[in-house]
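Residue-level structural notes
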Amino acid sequence: MLLFDHGTIGPDEQPGHGHGDALAFELSWDEQPVVTDSGVTTYEIGAVREFERSARAHATVTVGDAGADELWASFRVGGRAEVSGGLRRRTVEGVWVLSGIARAWSGWVHRRTLVFWPGQALVVLDQVEGAGAREVLSRLPLDPACYWRPPLIVTPRAELRLLLLRGELARAPHGVLDLREGWVGRGFGRAEARTSLVLRANPSGQVAYALLGTHARVELDGDVCSLETARGAARLPIGEPR
C-alpha cells in the first residue's frame, strides 16, 4: 500500500497541526509498514517538536535542511508551499504512476514522480530546481521493525533491494538524537530507534531510487521507466510533472 501526500498544508484557517510533508509518501509491503513518518512525542517548543514537524521527519526532500513550508514554534506556519498532483495513470498491468509539484515558499521547486507496482516495485524520481548551492537531500525513514543491510531493507516479511539510480547515499542514522534523526514517535514521550536513509542529490538536483521485491528489475532511459517483475514487464513514459 502506498500513501502519497500531494495536498497543501492545512486547513487554511488552522494549519498548526500540519507537518512539512509536501509530496511525502508512506509505504507498506505485504501488510508490513516499511517507510513511515516520524510521529509525534511532544507539543513542547524545542528541537524535538521542530524535528517532528519538519520535512526531515518525512519521506520527502529538503533544500538546505528546510522543507517547502515555513514552520516555527509549536503550531505556527508562515510561508506556505503551493502543492498539487495526484494520479497520472494506471496501466493494464496494474502499475500506478503518480506525480506532484511543490513550489516552496522560499522559491525552489520539487517535482516528484512515483511508479508503483504493488508487491513488486516502487520507483521514486525527484527533481529540485532553484536550490542554488544548498544541499538537496531525500529521506527514507524506515519503520523500527525494518533494518538496513546494504543494499537490502529487511522487513519481518520480505527483503527489498534499494537501487540508487541518481544521487548517492549520504548517511543512515539509527537512534541518533543530536540530529533528531533515526527515531520514531510511538506516542507522547515515547521514542523508538529506527533507521532513516538520507540520499544526496546529484549536481543537477536529481535523486532517483527504487525499492524492489524479489526478481524485480528497473531501468531508467531518459523519460522512460522500464520494469521487469515476476508478474511481467511494463515500459512507462514518465517525464517530469509540470
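Shown above is the structure to which this text applies.
Reading the values: rules and limits
- Residues numbered from 1 in each chain as written.
- Predicted model: local features only at pLDDT ≥ 70, side-chain atom pairs only at ≥ 80, totals over all residues.
- Heavy atoms only, no water.
- Phe/Tyr/Trp six-rings, centres within 6.5 Å; stacked < 30°, edge-to-face > 60°.
- Helix = DSSP H or I, 4+ residues; strand = E, 2+ residues; numbered from the N terminus.
- Buried < 20%, exposed > 50% of the residue type's maximum accessible area, 1.4 Å probe, protein only.
- Lys NZ or Arg CZ within 6 Å of the ring centre and 35° of its normal.
- Core = buried A, V, L, I, M, F, W, Y, C linked by side-chain atoms within 4.5 Å.
- Contact = heavy atoms within 4.5 Å.
- Pairing = 2+ DSSP bridges.
- Polar contact = N/O pair within 3.5 Å; in protein donor to acceptor, adjacent residues only side chain to side chain.

The subject of this paragraph is the packing of aromatic side chains. If you walk through the whole model with that rule in mind, you get three aromatic pairs. Geometrically, the ring pair formed by F51 and W183 is tilted, given 5.7 Å between the ring centres and 45 degrees between the ring planes. Highlighted residues: F51 in helix α1 (residues 47-53) and W183 in strand β16 (residues 183-187), separated in sequence by 132 residues. Each member of the pair, F51 as well as W183, is classed as buried. The structure contains a cluster of three or more aromatic residues connected by ring pairs, namely Y43, F75 and F188. For R49, the ring lying beneath its charged end belongs to F75, and the centroid distance is 4.7 Å.

Moving on: the nonpolar core. Of all hydrophobic cores here, the largest spans 40 residues; its most connected members are F25, L27, V35, L122 and I153. Each residue touching L122, except ones within four places of it in the same chain, is listed here: L2, F25, L27, L114, V115, F116, Y209, A210 and L211. Membership of the second largest hydrophobic core comes to 17 residues, among which are V115, L212, A234 and L236.

The pairing of strand β7 (residues 82-90) with strand β8 (residues 96-103) spans eight bridges and is classified as antiparallel. Residue pairing across strands places E82 opposite R103, the latter belonging to β8.

Turning next to the side chain of T62. Assignment of secondary structure puts T62 in strand β4 (residues 61-63). There is a polar contact of 2.9 Å between the side chain of T62 and the side chain of R139. Excluding anything up to four places from it in sequence, T62 contacts A55, R56, E135, V136, L137 and R139.

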